[in-house]
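What follows is each chain in one-letter form.
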Amino acid sequence: MTQKDDPNSIESNALVKRTSKGLITSKGRRGQISLTTDIIRAAAIARTSSRALVDESWMQEIWDWADKYELPEDVIPRNPNALSALVAIDISYMAIYSLPDSIGNLSNLKWFDCSGNGLTSVPDGIEKLTNLISINFSHNRLNSLPDGIENLTDLTSIDCRGNGLTSIPDGIEKLTNLTSIDFSENSLTSIPDGIEKLTNLTSIDFSENGLTLIPDGIENLTNLISIDFSKNCLTLLPNSILNLINLESLFISDNNLTSIPAKIGDLSNLNKLIVHNNNLTSLPASIVNLKNLRDLAIGENNIVSLPEDIGKLGMLSFIWSDNNKLLSLPDSIGSLNNLVCLSIYNNNLTSLPASIVNLKHLRDLSFGENNIVSLPDGIKELSSIRKYLS
């Protein structure tokens, strides 16, 4: 049989053949070369190219958005590697009215500030920014936040003040690393259940909303240092607030409160109590136990007297009691050695206590629109007074 007729011989001389292992091989000057590796490599290159096209597409969306709003290179880099590596974006007050959904692909982002713009919505893609520490949506036109915000569990600060929010996503209770939240100047009528789980909070601001009550669960937020519930529709300050032993600042002005908890003096670290423009007729006697109190704003109420022992508040530097119904001031007021400002404008006072001349650090004294006929001897010799309004 000739070589031409030998099938094995034909196969051995074939330029390309299939081996017993199913591999496709080629015969040439350098011997048999496996095509399998080349095929796999080609497939990998194809996949990489495809992925690059996908990557380029979300980046291009961000770049188109940045070009639309003329955002500079140092804010939104046009370089792929620099864009992917972004950890902070500050686009505050740049007249921006939308965010691209692909913003969620910036997985390294930690700080995001888009305050002072005209945003009406936040893209769902924001939920993918799981490394975010701080987010600022203040002073936009938002009516809601995406539910996916609950996935941003590294957040320590949320600032959404000055929007039109009517509710807060229930999932906010999962953001247990939060230390500061600001939802002031919105249209909220309630605080979501579960806020008591945010035990790392040190500051909360819900001022200028339509809240009618403070949830009792607030008593669990014992790390709180500052609370602001001013300019709401509150009629009651719950006793549960007395558990906030680290509280230093309490703002509850411009509400409809008729009383303050009798044991307010238990808040021994309180240095700022702002309760003006309510319907208070008196202050609890325990207020004199607030040894660290520096600022006391009680104006625009219906208060007829100050505690007799107010002189025990040795750290007090500011008293604002304008537009009340005070009939007299206690003699102990002269013991407030650190008092710098005393404003008692428009009350029903007929005299000032003689001890007022002991206030050697007093700089601002306002007592106009009262019925005071004569002043204590020596008051005009208080050389420290720079504002003296009779």
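Residues numbered from 1 in each chain as written. Predicted model: local features only at pLDDT ≥ 70, side-chain atom pairs only at ≥ 80, totals over all residues. Heavy atoms only, no water.

Novice: Would you take a moment to explain the overall build of the protein chain for this structure?
Specialist: Along the backbone of the protein chain there are 3 helices and 17 strands. Residues classed as buried in the protein chain amount to 45% of the 390 residues present. (Helix = DSSP H or I, 4+ residues; strand = E, 2+ residues; numbered from the N terminus. Buried < 20%, exposed > 50% of the residue type's maximum accessible area, 1.4 Å probe, protein only.)

Novice: When you look at the side chain of S249 in this model, what are you seeing that I'm missing?
Specialist: Relative to the assigned elements, S249 resides in strand 11 (residues 249–251). The class for S249 is buried, based on a relative accessible area of 11%. Excluding anything up to four places from it in sequence, S249 contacts I225, S226, I227, L270, N271 and K272. (Contact = heavy atoms within 4.5 Å.)

Novice: Looking at this structure, I do not really get unusual backbone geometry. What am I missing?
Specialist: In terms of backbone geometry, most residues other than glycine have negative phi values and most peptide bonds are trans. Phi is positive for H139, close to 55°, though the residue is something other than glycine. Residue placement: H139 occurs in the loop between strand 6 (134–136) and strand 7 (157–159). Even without a glycine there, the phi angle at E208 is positive, about 55°. On the secondary structure map, E208 appears in the loop between strand 9 (203–205) and strand 10 (226–228).

Novice: For this particular structure, what's the right way to read the packing of aromatic side chains?
Specialist: The relation between two aromatic rings is expressed through the spacing of the ring centres and the mutual angle of the planes. In this structure the tally under the stated criterion is 4 aromatic pairs. Both rings, one in F206 and one in F229, keep their centres 6.0 Å apart while their planes meet at 10°; by these two values the pair is stacked. Of this pair, F206 sits in the loop between strand 9 and strand 10 while F229 sits in the loop between strand 10 and strand 11, and the two are 23 residues apart along the sequence. Each residue in the set F183, F206 and F229 is aromatic and connected to the rest through ring pairs, giving one cluster. (Phe/Tyr/Trp six-rings, centres within 6.5 Å; stacked < 30°, edge-to-face > 60°.)

Novice: Can you walk me through the nonpolar core in this structure?
Specialist: A general tendency of soluble globular proteins is for nonpolar side chains to be buried together. Core analysis: the largest hydrophobic core is formed by 102 residues, its most contacted members being W65, I76, F112, F137, F183, F206 and F229. With 6 residues, helix 2 (residues 36–68) is the largest single contributor of residues to this core. (Core = buried A, V, L, I, M, F, W, Y, C linked by side-chain atoms within 4.5 Å.)

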